[in-house]
Amino acid sequence: MNIDYSSVKTYGDTLNDGAMQVSFTLPVPAGDEAREAARQMALKMGLDSPSVTEMADLGAGFTFFVLYGKCKHTVDYSVIKVPKQQQKVMSFKEVNELIKKELGCRIVVVAACTGSDAHTVGIDAIVNMKGYAGEYGLERYPEIDAYNLGSQVPNAELLARAVELNADAVLVSQVVTQKNIHLENLTELIELAEAEGLRDRMLMICGGPRISHELAIELGYDAGFGPGTLPNHVASYIAAELMRRHKI
Amino acid sequence: MIIPVDNKLNLDPGKVKLAREKAGKIADRLHAWIGDYTTTTTERAAARLMGIDGADESGVPMANVMVDELARSGILDHGLVPWLARSIVAREESPQEIAEALAAGSLKVESIPDCAEEKWREVADKLAGEAAAGIKAVKAERDRLKSKAAPPNKPMLYVIVATGNVYEDAVQAEAAALQGADIVAVIRHTGQSLLDYVPYGPTTEGFGGTYATQENFRIVRQALDRAAQKTGRYTNLVNYASGLCMPEISVMGAFERLDMMLNDAMYGILFRDINMKRTFIDQHFSRMINAYAGIIINTGEDNYLTTADAFDEGHTVIASQFINEQLALRSGLKEEQMGLGHAFEINPAMEDGLLMEIAQAQLCRELFPRSPLKYMPPTKHVTGDIFKTYLINGMFNLVSVLTGQEIQLLGMLTEAIHTPFISDRYLSIKNAAYVFNNAKHLGEEIIFREGGRIQERAVFLLNEACKMLQEIDEISLETAMEKGMFADIKRSRDGGKGGTGVIARHKDYYNPFFTIFMNDTKVEEGRLS
C-alpha cells in the first residue's frame, strides 16, 4: 500500500476513507432535533456524511450519541518530531550495578503525591518495595535510598524534605486531573524550586495517568512518565541522567 | 433480607466459627480501652446532635468553637454535654444561642456556675431524647418511602458523581437516578479526610469530588427525591463517614436521610495515616449513630487490593471483613446494615483469573449471608482502552449476579481517564442491567465441582484468613498494623494525624447518646463472637 505520509487520514477499511467513530453527549432532550444537532456538531468537527448510529436518552434533558463520519482533515506525519527519553531501559540488576560501579554512591530519591491529591496508586507502584507487575519498586533497590512521603503532601514540604535528605531526584505523582488541578500543582512545585534556587540541585520528575514526557518538559521538569511506567524505567532514567550530569 | 445460600464451596463450618471467634476476641481487646476515651470529633458530634449548627464569621463551625473552648478550659474530658446542659440551666437559652455567645466572646466557659447533677442531667437527657426522636422520624420517613417504591434491582446499581460542584452533582445524581441507578454516591473532595472540621454550607469547588457538608447532603437528597417521583423508585444516597470527622458526618447523614455511609474501622489508619486510637474511638461512635439511623455502612476492604496484589492478598480481605463485622456488631449495627467490601481486582491477564474472582465473591457471600455485600469494580488493571474496560466490567457484573452480591459499584469504561461523564454512567448502568437480567438465575443453576479450582481457592482463602486472625489475636490489631499485615502498609501505634484529639475520659464523663443508641440496637446473640 502506498501511503503518503505527508497527508494522512483516519482509516476504516479503505485508504483515505477518513472513517472515524465518535461519541458525545448534548444537553438537549432526545428526539429528531437532537439527532440533527448531533449531526451538525459532527459536520463542524470536520466529519463528512455523519451518521448517528445510536441516540440514547440520558434523562434530565441530556442525550448521548454514537456517530460515524468521514474526517476531511489530514495530518503531515512526515514532519512530526516528539521529544523522547533517549534512555534505554535497564533491569533492576543492571541499574544497581551501574550505580555501584559508575556513580560510587547511593542515589537518594524523594517521592510524593502532592497537593490535595490522595491517590497514591501511582507513586506506590513506582516506589514501594513490592513494586508493580512483577518489577520491584525503588525501595527495594539496594543502591537507592527511596523515601515515599505519601499523599496530600504540600509542595513546600516536599522540597523541604528533599533538601533535608539531600535528594538527587524528586518524584511527584498527580492522579487527580479534574479541571487541570495537576497542572497547577506541578507548575507551583517548579516555581517554588526555582524561587528557592533548588531547581538545578536535583532531578525533578513527574508521573501520572495524564502525564507525558513532552508535557513534563513543557512544565519545566527533567522527565515525565505516563501510564504503563514500571519502576525500572524510572530508575534507569535517574541513574543514567545523573551519570550524564556528573560526566561519567 | 435473608438470602438462601448453599454451602457451594464445601467450607468447614468449624473454620468459619473459629474465624469469627478470633475476630471477636480482636474486637474485644480494642473495646477494653475504647470506652476510656473520647475525641474532639466525638464531642463535636454530640454538639451537632444537641442542635448546634452553623459557623462563625471566619467559617469555623460552631461545633468546633465550643469543643475548642471546652478543651482550652480543660473540661472537655467530662464531655461537651454536661457543660452545655449547665449553660442551658443558667442562661435559659438554646444550645445554638449558647454556641453563638461563645463564638462572639460574650460568654466564657468558666462563667457557667455548677448546678445539681440531676438538674442538668434532666435537661441533657430531654434534649438528647428529642434529637434521637428526630433521627427516628427521618428513619421512619425512609422506611415509608422505600415501602411504597418499586423494589430495587438486585444487585443494586451504585454509581458515583464527582463534579466538585454540588449543584452540578445534583443534576448528575438526578440523571443517574432517571437512568436506573439504585444508589448514588457523591465522591468527596480528596483533601477532606484530613480536615479536623466539617465545612459549612453549599460548596462549588472541590477536586476529585465535593465537600461533605450538611447543606450539600440536603441538596443532593432533594434531587434524588425529585427523581423518585418520576421513576417510582427510591434512590439511595451515599457519602463518607470517614477521615477525622467520622461521627460528625454520621450525624449529618442521620439528619439529612443519607442511606449509606462509607464507614470502615481501619481505613483511615491505613490509607490516610490517621492515628490508630483516634480512628478506633471515632468509628465506634460513628457506627452507633449509623446503626440508630438505619444507615447501611460500606467497609473498605477493596482498597487493600489496589495497593497490594489481589490474588496474593485475597485472604486479608476476608480477615478484615470478620474484624469489621465484629466491631460493627459492638456498635449496634445489624448484619443487614453491613455492606462488607471486596473487589474484582485480580490481574485480567491471569489464566483462570475469573475463576479466582468467583471463588472470592462466593466465599464472601457464604461467610456473611445476611450482609448486603459491597462489590467494587476493577480499577487497578484497567487503562484508557475503554473497549476492553467495558468488557472487563461485564465480567465483573456476571460474577456479581452469579454469586449474589447486593451493592454493585459499577465499573466505568473511562476509569483511569477522568471522573465519570454523564454518558459513562449511562453505559455502565446499561451494561449491568443487561448482565443482571440476562443471567438472573445463573447462581441457582451452578454448583462448583467438588475439590475443583474454585472450591480449592475458597478453602485456601478461608484457611489463610483463619491463620491471619489467629496471629492478630495473639499480637493485637495495633501490632498487626504496625507490621503491615493489611495492604502492605505499616502504621505506627502512636503516629498519624489527629492523635492530639484523643482525650482520656474523666470519671464523670457524660454523653447521653451512647446509652440511647446502644439500648435501641440490641444485637442478636449468635453472630456476636
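Rules of the game
Residues numbered from 1 in each chain as written. Chains lettered and ligands numbered in written order. Predicted model: local features only at pLDDT ≥ 70, side-chain atom pairs only at ≥ 80, totals over all residues. Heavy atoms only, no water. Domains from an automatic or database assignment. Contact = heavy atoms within 4.5 Å. Buried area = accessible area lost by both parts, 1.4 Å probe. Salt bridge = Lys/Arg side-chain N within 4 Å of Asp/Glu carboxyl O. Helix = DSSP H or I, 4+ residues; strand = E, 2+ residues; numbered from the N terminus. Buried < 20%, exposed > 50% of the residue type's maximum accessible area, 1.4 Å probe, protein only. Phe/Tyr/Trp six-rings, centres within 6.5 Å; stacked < 30°, edge-to-face > 60°. Patch = residues over 30% accessible without salt bridge, like charges linked within 9 Å, V, L, I, M, F, W, Y side chains within 5 Å. Areas by Shrake-Rupley, 256 points an atom, 1.4 Å probe, with all protein chains shown as cover. pLDDT = per-residue confidence, 0-100. Polar contact = N/O pair within 3.5 Å; in protein donor to acceptor, adjacent residues only side chain to side chain.

Engineer: What is the right way to look at the domain arrangement of chain A in this model?
Structural biologist: Interfaces are often sized by the accessible area lost when the parts come together. Each domain of chain A was delimited in the assignment, giving domain 1 (1–80) and domain 2 (92–247). Taking only C-alpha atoms into account, the centre of domain 1 of chain A sits 39 Å from that of domain 2 of chain A.

Engineer: Would you mind showing me how to read the domain arrangement of chain B here?
Structural biologist: Residue and element names in this part refer to chain B. For chain B, the domain assignment lists domain 1 (37–129) and domain 2 (158–454). Using C-alpha coordinates to define each centre, domain 1 is positioned 35 Å away from domain 2. If you look at the interface, domain 1 gives 16 residues, while domain 2 gives 18 residues. In total, about 1,400 Å² of surface goes out of reach between domain 1 and domain 2, with carbon and sulfur atoms giving 61% of it. Connecting domain 1 to domain 2 are 3 salt bridges.

Engineer: Explanation requested: the environment of A:Ile205 in the structure shown.
Structural biologist: Residues and elements named next belong to chain A. With respect to the helices, strands and loops of the structure, Ile-205 is situated in strand E7 (residues 203–207). Judged by its relative accessible area of 2%, Ile-205 falls in the buried class. Separated by 92 residues in sequence, Ile-205 and Cys-113 place their C-alpha atoms 12 Å apart. Contact partners of Ile-205, with chain neighbours within four places excluded, come to Ala-169, Val-170, Leu-171, Val-172, Tyr-221, Ala-223, Phe-225, Tyr-237 and Ile-238.

Engineer: Help me understand the packing of aromatic side chains in this model?
Structural biologist: Residues and elements named next belong to chain A. Counted by the stated rule, this structure contains 19 aromatic pairs over all chains. On the numbers, 4.6 Å between centres and 70 degrees between planes, the contact of Phe-92 with Tyr-141 is edge-to-face. You can see Phe-92 sitting in helix H2 (residues 92–103) and its partner Tyr-141 sitting in the loop between helix H3 (121–127) and strand E5 (144–148), a full 49 residues away along the chain. With a relative accessible area of 1%, Tyr-141 lands in the buried category.

Engineer: How should the environment of A:Asp117 be read in this particular structure?
Structural biologist: Looking at the secondary structure, you find A:Asp117 in the loop between strand E4 (107–113) and H3. On the basis of relative accessible area, A:Asp117 is assigned to the buried category, the value being 2%. Counting along the chain gives 100 residues from A:Asp117 to A:Asp17, while the straight-line C-alpha distance between them is 43 Å. When sequence neighbours within four positions are dropped, the list of residues in contact with A:Asp117 reads A:Ser151, A:Gln152, A:Gln174, A:Val175, A:Val176 and B:Thr190.

Engineer: Looking at this structure, I do not really get a nonpolar patch on the surface. What am I missing?
Structural biologist: A contiguous nonpolar patch, built from A:Met1, A:Ile3, A:Tyr5, A:Tyr11, A:Leu15, A:Tyr77, A:Val79, A:Ile80 and A:Val82 and spanning about 960 Å² of accessible area, is present on the exposed surface. Taking the relative accessible area as the measure of exposure, A:Tyr11 reaches 47% and is therefore partly exposed.

Engineer: Any chance you could explain the pattern of salt bridges here in plain terms?
Structural biologist: Oppositely charged side chains can pair when the atoms bearing their charge come close. Under the criterion given, the structure shown has 42 salt bridges over all chains. The shortest N-O distance in the salt bridge between A:Asp222 and A:Arg199 comes to 3.0 Å. Of this pair, A:Asp222 sits in the loop between helix H6 (213–219) and strand E8 (223–225) while A:Arg199 is found in the loop between helix H5 (181–195) and E7, placing the two residues 23 residues apart along the sequence. Taken as a pair, A:Asp222 and A:Arg199 share a single burial class, namely buried. Its salt-bridge partner being B:Asp259, residue B:Arg142 comes within 2.8 Å of it at the nearest N-O pair. One end of the pair, B:Arg142, is in helix H6 (residues 117–148); the other, B:Asp259, is in the loop between helix H9 (246–255) and strand E5 (260–262), and 117 residues separate them in sequence. Across the pair, exposure class does not vary: B:Arg142 and B:Asp259 are buried alike. Salt bridges here are not isolated pairs; linked through shared partners, they connect B:Arg44, B:Arg48, B:Asp196, B:Glu248, B:Arg278 and B:Asp282.

Engineer: Hey, could you run me through the confidence of the model for chain B in this one?
Structural biologist: Parts of the prediction with low pLDDT should not have their coordinates interpreted in detail. Mean pLDDT over chain B stands at 94; residues scoring 70 or higher make up 97%. Predicted complex metrics record ipTM = 0.81 and pTM = 0.86.

Engineer: What am I meant to see in the interface of chain B and chain A here?
Structural biologist: At the interface, 33 residues of chain B touch 25 residues of chain A. When the two sides are added together, the surface that chain B and chain A hide from each other amounts to roughly 2,100 Å², 57% of it contributed by carbon and sulfur. The largest contributions to the chain B side of the interface with chain A come from B:Thr190, B:Phe207 and B:Tyr426, which together make up 25% of the buried area. Taken together, the connections running from chain B to chain A amount to 1 salt bridge. The partner of A:Glu54 in a salt bridge is B:Lys430, and the shortest N-O contact between them spans 3.6 Å. Taken together, the elements giving at least two residues each to the side of chain B that touches chain A come down to helix H7 (166–179) and helix H16 (422–438) of chain B.

Engineer: Got a minute to help me understand the side chain of B:Asn397 in this structure?
Structural biologist: Residues and elements named next belong to chain B. Position of Asn-397 among the secondary structure elements: in helix H15 (residues 386–403). With a relative accessible area of 3%, Asn-397 lands in the buried category. Polar side-chain contacts of Asn-397 include one of 2.8 Å to the side chain of Gln-408. With residues up to four places along the chain from it excluded, the contact list for Asn-397 reads Gln-408, Leu-410, Asn-431, Ala-432, Val-435 and Phe-436.

Engineer: Hey, could you run me through unusual backbone geometry in this one?
Structural biologist: Apart from glycine, the bulk of residues carry a negative phi angle, and the bulk of peptide bonds sit in the trans form. Cis geometry marks the peptide bond from B:Lys154 to B:Pro155; its omega dihedral reads -5 degrees. As for its position among the elements, B:Pro155 is in the loop between H6 and strand E2 (156–161). The backbone phi angle of A:Gln152 is positive, close to 55 degrees, even though this residue is not glycine. Its location among the elements puts A:Gln152 in the loop between E5 and helix H4 (155–164).

Engineer: Quick question: what am I supposed to make of the side chain of B:Arg44 here?
Structural biologist: Along the polypeptide, B:Arg44 turns up in helix H2 (residues 40–49). Apart from the residues within four sequence positions on either side, B:Arg44 is in contact with B:Ala63, B:Asn64, B:Val67, B:Asp196, B:Tyr197, B:Leu244, B:Cys245, B:Glu248 and B:Arg278.

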